[in-house]
Amino acid sequence: MRALVYHGPGHKSWDEVPDPEISADTDIIVQVDATTICGTDLHILKGDLPKVRNGRILGHEAVGTVDEVGDGVRTLTPGDRVLVSSVSACGTCQFCRQARYGQCLSGEGGWVLGHTIDGTQAEYVRVPFADTSTFRVPDGASDEEILMLADVLPTGYEVGVLAGGVRPGDIVAVVGAGPVGLAAIAGAQLFSPSHIVAIDLSDARLEAAKYFGADVIVNNSRENPLQVIRDLTGDLAGRFGADVSIEAVGLPATFEMAVKLVRPGGRIANIGVHGGAVTLHLDEQWIRDITITTGLKDTSSTPTLMRLVTSGQIDAKRFITHRFGLDEFEEAYDVFANAADNGALKVVLSR
Ligand SMILES: [Zn+2]
Ligand SMILES: [Zn+2]
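Note that the coordinates shown come from a computational prediction; the quantities given were computed from them, not determined experimentally.

(A) Representation of the overall build of the chain. The helix and strand inventory of the chain stands at 13 helices and 15 strands. Counting only C-alpha atoms and orienting by the principal axes, one finds that the chain spans roughly 65 × 40 × 40 Å. Going through the 351 residues of the chain one by one, you find that 55% of them count as buried. Within the chain, contacts between residues at least 6 apart in sequence are counted, and of these 69% link residues at least 24 apart. Total accessible area on the chain is roughly 14400 Å²; 49% of this is exposed by carbon and sulfur atoms. The distance from the centre of the 29 positive side-chain charges to the centre of the 46 negative ones in the chain is 6 Å.

In structure tokens form, the structure reads like this:
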């Protein structure tokens, strides 16, 4: 089969590789019908995730058709359409029993696809713990919209909105309006905040943020987001700010901004994948009663989000700006990596 193979920082290619095989009886092999590229894949290509070895097939998001099942798989048969979650779950370890699947203790649990085992940017993929790591695609739902449930929607919702504890009436600041920031905005508006403030350097992304529910947009190359938020809240001697800020970029400057934007007692939810150390100005923050959360998605919210997508309350198709064939990965990566120039959000590659 063909697959997108990582060859060390800065290098990847669409190579001929051996077909995946069942290695544990709880595995399945899925024919990939649609897959996508994540910002995390760009971090891998920058060398930010040294656990990813040369020769690894990238990708952790897919919708596909079950091709082969191991003898221990109970709920799936060849021909079933499934969402392959970005997180695999053994279902039995201490963390899985707490629905904290992202922290699964099993060797092939947690985020493993395209990380520590071969991933989904391929014609076929082996999925471990298939019964507890895939979701059936509802009849009538398109591959593309369900694909947004593999990572982007649960990440924005769980690691941003739920971890940040968004409540009715809150002012929510979202730093970064890429796909995951937009997913956080779409998730935040389910809780009736008073304002969602989207902050980004790209006007195209800020327009998308409006579509997903941001009522205030700030291009921080032109405007100071802290001032905009203080104008919304009343300055109160410089002590006010957002109730919740969500960091959806993964850079030192955006994390520091997210910390500065919250009021005393505010909550900062970091979603961004960081490739280096970040400064936390505790000399300023120790007195401000803030809470900082970090996390990897568990995809425990996927069934809920799937209902919201199939009922039309979240327009998952709106994330997709570019479409390619499976053999057009080089071009798709170029478009996705240069999102600022071409307005790309999610790119979908389909069979
Ligand atoms: Zn991802
Ligand atoms: Zn587990």
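(B) Spatial organisation of the pairing of strand 4 (residues 62-69). Bridge count for strand 3 (residues 28-36) against strand 4 is seven bridges, and the pairing is antiparallel. Note on strand 4: the bridge partner recorded for Ala-34 is Val-63. For strand 4 and strand 5 (residues 81-84), the ladder comprises four bridges, and the chain directions are antiparallel. The residue of strand 5 that forms the bridge with Val-63 is Leu-83.

(C) Highlighting the sheet that holds strand 10 (residues 216-219). A sheet is described by the order of its strands in space; here six strands give the open sequence 10-9-8-11-12-13, paired in parallel fashion. Taken across any chain shown, the strands that pair with only one partner, and hence form the sheet edges, are strand 10 and strand 13 (291-293). With direction set aside, neighbouring strand axes in the sheet form an average angle of 15°. Across five bridges, strand 11 (residues 242-247) lies against strand 12 (residues 262-270) in parallel orientation. Along strand 12, the bridge assignment pairs Ala-242 with Val-262.

Conventions and cut-offs
Residues numbered from 1 in each chain as written. Chains lettered and ligands numbered in written order. Predicted model: local features only at pLDDT ≥ 70, side-chain atom pairs only at ≥ 80, totals over all residues. Heavy atoms only, no water. Helix = DSSP H or I, 4+ residues; strand = E, 2+ residues; numbered from the N terminus. Buried < 20%, exposed > 50% of the residue type's maximum accessible area, 1.4 Å probe, protein only. Contact = heavy atoms within 4.5 Å. Areas by Shrake-Rupley, 256 points an atom, 1.4 Å probe, with all protein chains shown as cover. Lys, Arg positive; Asp, Glu negative; His and termini not counted. Charge placed at Lys NZ, Arg CZ, Asp CG, Glu CD. Pairing = 2+ DSSP bridges. Axes fitted to C-alpha atoms, helices over the stretch in contact; angles between N-to-C directions.

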